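Single-letter residue listing:
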Amino acid sequence: MKERLVVIPTYNEIENIEAIIRKVFTLPEPFDILIVDDGSPDGTAQRVRDLQEIFNTANDSSLSGTANTPTRTRLHLLERRGKLGLGTAYIDGFKWALSRGYQYLFEMDADFSHNPEDLIKLYHACADEGPDRADVAVGSRYIRGVNVVNWPIGRVLMSYFAGVYVRFITGMSVMDPTAGFVCYRADVLEVILHNPIKFVGYAFQIEMKFTCWKYGFRICEVPIIFTDRTKGVSKMSSKIFKEAVFGVLQMKISSFFRHYIPRKQTATSTKETVASL
Ligand SMILES: Nc1nc2c(ncn2[C@@H]2O[C@H](COP(=O)(O)OP(=O)(O)O[C@H]3O[C@H](CO)[C@@H](O)[C@H](O)[C@@H]3O)[C@@H](O)[C@H]2O)c(=O)[nH]1
């Protein structure tokens, strides 16, 4: 069954790409990977193609199921022309995955700022039956104190206060609304992607959570530790920052004119909880 897919957007991640793919494929639970590359000039996509030769043909039970069963494609690549932004990379990746029947879709950076081992916690927060089961699980840096390692203090403050600002303007109580480490159930994405998602940079992360919240989906924050990358560079820019600041206001205003119809009886008022994982 096609169950779990980690969507990893990449732009110039040649120093990280092989290690992150290998790490995900050695986790104790199975995850497929889709890399969405925006024509990285450093050859990230070519490295992924080389790895597809290994992982999609490996006759090794730890990589591809049992040795006697036919090998299944686990490493996918979606190539786009030019740098079109993190948000549209995820949207294209999600649409690709939904059309292929994946049940749980993950967002994760390529640079190890998110620990791939936490994918398992995010998955179980959404998949395990019970009263606390989430529709969306957010890997949260701020749900238990401030858990960010190696970021300059200016960036920590900006990120933390971005959360305060978002909560103040939108009324949503998610502690880490800009988080980029998330698990969505496929049925959630089927609903929210009916709306055009406007933003391309990190405001995209806020917009996705805000839309889920408006629809009444249950958002759960799972504590994680975010560790700044040691290889390659961040693509954060002042344009992305401005988009986030003004985008939140735009989101709030346009939400007055849009109807969100909660899909489930139980989800008419969203709860955000800390998964005790
Ligand atoms: N395809 C594609 N990928 C991109 C683009 N821009 C960035 N990426 C990829 O998106 C991931 C995150 O980009 P970074 O530039 O490393 O993000 P960051 O500054 O560390 O920001 C992190 O924190 C933000 C909030 O504080 C998060 O909103 C963001 O998602 C990310 O987790 C990396 O895998 C990077 O290669 C783009 O235009 N296109």
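Small disclaimer: the values here were computed from a predicted structure and weren't measured. (Residues numbered from 1 in each chain as written. Predicted model: local features only at pLDDT ≥ 70, side-chain atom pairs only at ≥ 80, totals over all residues. Heavy atoms only, no water.)

**Description of the pattern of salt bridges**
Consideration 1: Following the criterion strictly, the structure yields 18 salt bridges and no others.
Consideration 2: Salt-bridge contacts for K235 lead to E13; the nearest nitrogen and oxygen are separated by 3.1 Å. Of this pair, K235 sits in the loop between β9 (226–227) and α9 (238–256) while E13 is found in the loop between β1 (4–10) and α1 (17–25), placing the two residues 222 residues apart along the sequence.
Consideration 3: Relative accessible area serves as the criterion here: at 4%, E13 is assigned to the buried category.
Consideration 4: A salt bridge links R229 to D111; its shortest N-O distance comes to 3.2 Å. Pair noted here: R229 is in the loop between β9 and α9 and D111 is in the loop between β4 (104–107) and α5 (118–127), with a separation of 118 residues, a long-range link. Residues R229 and D111 agree in their burial class; the two are buried.
Consideration 5: Through salt bridges with shared partners, one network takes in E13, D111, R229 and K235. (Salt bridge = Lys/Arg side-chain N within 4 Å of Asp/Glu carboxyl O. Helix = DSSP H or I, 4+ residues; strand = E, 2+ residues; numbered from the N terminus. Buried < 20%, exposed > 50% of the residue type's maximum accessible area, 1.4 Å probe, protein only.)

**So, the site of the ligand**
Consideration 1: Looking at the ligand, there are 25 residues lining it, with E13, D109, T178, S234 and K235 nearest.
Consideration 2: D38 is positioned with one of its side-chain polar atoms (N or O) 2.8 Å from a nitrogen atom of the ligand.
Consideration 3: Between the ligand and S234 there is a distance of 2.6 Å, counted from an oxygen atom to a side-chain nitrogen or oxygen.
Consideration 4: Here the ligand, which alone exposes 740 Å², has 98% of that area covered by the protein.
Consideration 5: Most atoms of the ligand, that is more than half of them, are within 2 Å of grid points of the largest pocket. (Near = heavy atom within 4 Å. Polar contact = N/O pair within 3.5 Å; in protein donor to acceptor, adjacent residues only side chain to side chain. Areas by Shrake-Rupley, 256 points an atom, 1.4 Å probe, with all protein chains shown as cover. 1 Å grid on protein atoms, 1.4 Å probe; cavity = no way out; pocket = protein on both sides within 12 Å on 5 of 7 lines; lining within 4 Å. Sits in = over half its atoms within 2 Å of the grid points.)

**Quick notes on empty space enclosed by the protein**
Consideration 1: Scanning the entire structure with this criterion turns up 1 cavity of 30 Å³ or more.
Consideration 2: Within this model, the largest cavity holds a volume of roughly 70 Å³.
Consideration 3: Every residue along the wall of the largest cavity is listed here: N195, P196, I197, K198, E207, F210, T211, M251, S254, R258 and Y260.
Consideration 4: Those elements that place two or more of their residues in the lining of the largest cavity are α8 (203–214) and α9.
Consideration 5: The leading source of residues in the lining of the largest cavity is α8, at 3 residues.
Consideration 6: Of the residues contributing to the lining of the largest cavity, the split by class is 5 nonpolar, 3 polar and 3 charged. (Points joined across faces, edges and corners; volume = space filled by probe spheres on them. Nonpolar A, V, L, I, M, F, W, Y, C, P; charged D, E, K, R; others polar.)

**Details of the layout of surface pockets**
Consideration 1: Approximately 970 Å³ is the volume found for the largest pocket.
Consideration 2: Along the walls of the largest pocket sit 47 residues, with L86, R155, Y202, M236 and I240 positioned nearest its centre.
Consideration 3: Those elements that provide at least two residues to the lining of the largest pocket are β1, α4 (86–98), α6 (153–170), α8 and α9.
Consideration 4: Tallied by class, the residues present in the lining of the largest pocket amount to 24 nonpolar, 11 polar and 12 charged.

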